[in-house]
Amino acid sequence: MEELMPSDEVKKTEFNSIELSKLRPFVGHEIGVSPWHKITQQQINEFAKVTMDQQWIHVDEKMAEEHSPFGKTIAHGYLVLSLIPRLTSESVKFTNAEMGINYGLDKVRFTHPVISGSEIRARTTLLEVIDVNGGVKIKYQVTIDVNGEEKPACVAQTIALILKKAK
C-alpha cells in the first residue's frame, strides 16, 4: 500500500491488494480526504429537475434570499449523499480490483446545510472489511465537510463490494 499526501488537505490511499490481511490494519483509521468541490446552483437545479424536488429552499434564489434562514439556496441532502462515491473515489483507490459496487448504507445523518456556492469534501474512515465470494465487502464512515463550517454536512456509513480481477 502506498500513501500520498499532496497537500495538508488531501489524503490519498492506494491499496494494491484486497486481501484481508492487507486491509484490516487500516480499520478504524482515516484513509482518505478528497479535494474540495464547489456546489453550484446549476448542480442543485439539475438535481432538483431529475428528482422532481423543486422545493423553493433549493431552487428559488430570490425567495431563499428573502425567507431562508441561510440567505441563499441549499443543496438537497440527497445531492450531497449522491456525491459520496465520486468524492471517495478521488482519495481511496483499489488498483488490483475489477470494480467497486455500491452495496448500501447503514446510517445517514444530514447535520448541516450546504449553501449554494459552498465547497465540500469527503473524509473516509475504514470501519469494517469482510471477505466475500470474489472480493471484499467494506464499510466506511464518510464525513462530508463544508469548507469554513465546524459541523459536517453529512455523516454516512456506506458499504461497497470491491471485486477481484478475473484471472
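Every value quoted in this text rests on a predicted model; they were computed, and no experiment measured them.

Cut-off values and rules
Residues numbered from 1 in each chain as written. Predicted model: local features only at pLDDT ≥ 70, side-chain atom pairs only at ≥ 80, totals over all residues. Heavy atoms only, no water. Helix = DSSP H or I, 4+ residues; strand = E, 2+ residues; numbered from the N terminus. Contact = heavy atoms within 4.5 Å. Buried < 20%, exposed > 50% of the residue type's maximum accessible area, 1.4 Å probe, protein only. Arc of directions from axis to C-beta. Salt bridge = Lys/Arg side-chain N within 4 Å of Asp/Glu carboxyl O. Pairing = 2+ DSSP bridges. pLDDT = per-residue confidence, 0-100.

Enquirer: What's the story with the environment of Leu 126 in this structure? I'm lost.
Expert: Mapped onto the elements, Leu 126 comes out in strand β7 (residues 119-132). For the pair Leu 126 and Glu 30, spaced 96 residues apart in the sequence, the C-alpha separation amounts to 6.5 Å. Leaving out residues up to four positions away in the same chain, Leu 126 has contacts with Leu 23, Phe 26, Val 27, Gly 28, His 29, Ile 31, Ile 138, Lys 139 and Tyr 140.

Enquirer: I'm lost on helix α2 (residues 41-51) in this one. Help?
Expert: Among all positions in α2, only Gln 41, Ile 44, Phe 47 and Ala 48 are buried. When α2 is viewed along its axis, its buried side chains cluster within an angular range of 125 degrees and face the same direction. Residues of α2 that are exposed and angled more than 90 degrees away from the buried face: Gln 42, Lys 49 and Val 50. Where α2 is buried, its residues meet α3 (56-59), α4 (61-67) and α5 (77-82). Remark: Met 52 follows α2 within two positions and exhibits a positive phi of approximately 60 degrees.

Enquirer: What is the right way to read the pattern of salt bridges from this model?
Expert: When their charged atoms lie close together, side chains carrying opposite charge are able to pair. Scanning the model with the defined rule gives six salt bridges in all. With a closest N to O distance of 3.4 Å, Arg 123 and Glu 30 form a salt bridge. Note that Arg 123 is positioned in strand β7 and Glu 30 in strand β3 (residues 30-33), a separation of 93 residues in sequence. By relative accessible area, which is 30% here, Glu 30 ends up partly exposed. Residue Arg 86 is joined to Glu 90 by a salt bridge in which the shortest nitrogen-to-oxygen separation is 3.0 Å.

Enquirer: Got a minute to help me understand the pairing of β7 in this structure?
Expert: Look at any regular strand and the pattern is simple: side chains alternate between the two faces of the sheet. Where β3 meets β7, three bridges bridge the pair, whose relative direction is antiparallel. What sits directly across from Gly 32, in β7, is Thr 124. Pairing of strand β4 (residues 37-38) with β7, which is carried by two bridges, proceeds in the antiparallel orientation. Bridge pairing in β7 places His 37 opposite Ile 120.

Enquirer: Please explain the side chain of Thr 73 as it appears in this structure.
Expert: Along the chain, Thr 73 turns up in the loop between α4 and α5. Those residues within four positions of Thr 73 in sequence are excluded, and the remaining contacts are Gln 41, Ile 44, Trp 56, Ile 57, His 58, Val 59, Asp 60, Glu 61, Ala 64, Val 114, Ile 115 and Ser 116.

Enquirer: I'm lost on the confidence of the model for the chain in this one. Help?
Expert: Regions with low pLDDT carry predicted coordinates that are not meant to be interpreted in detail. Overall, the prediction assigns the chain a mean pLDDT of 92, with 95% of residues at 70 or greater. Element-level mean pLDDT values for the chain span from 39 in strand β1 (residues 2-4) up to 98 in α2. In the model, residues 1-8 has pLDDT below 50 throughout and makes 15 contacts with residues more than four positions away in sequence or in other chains.

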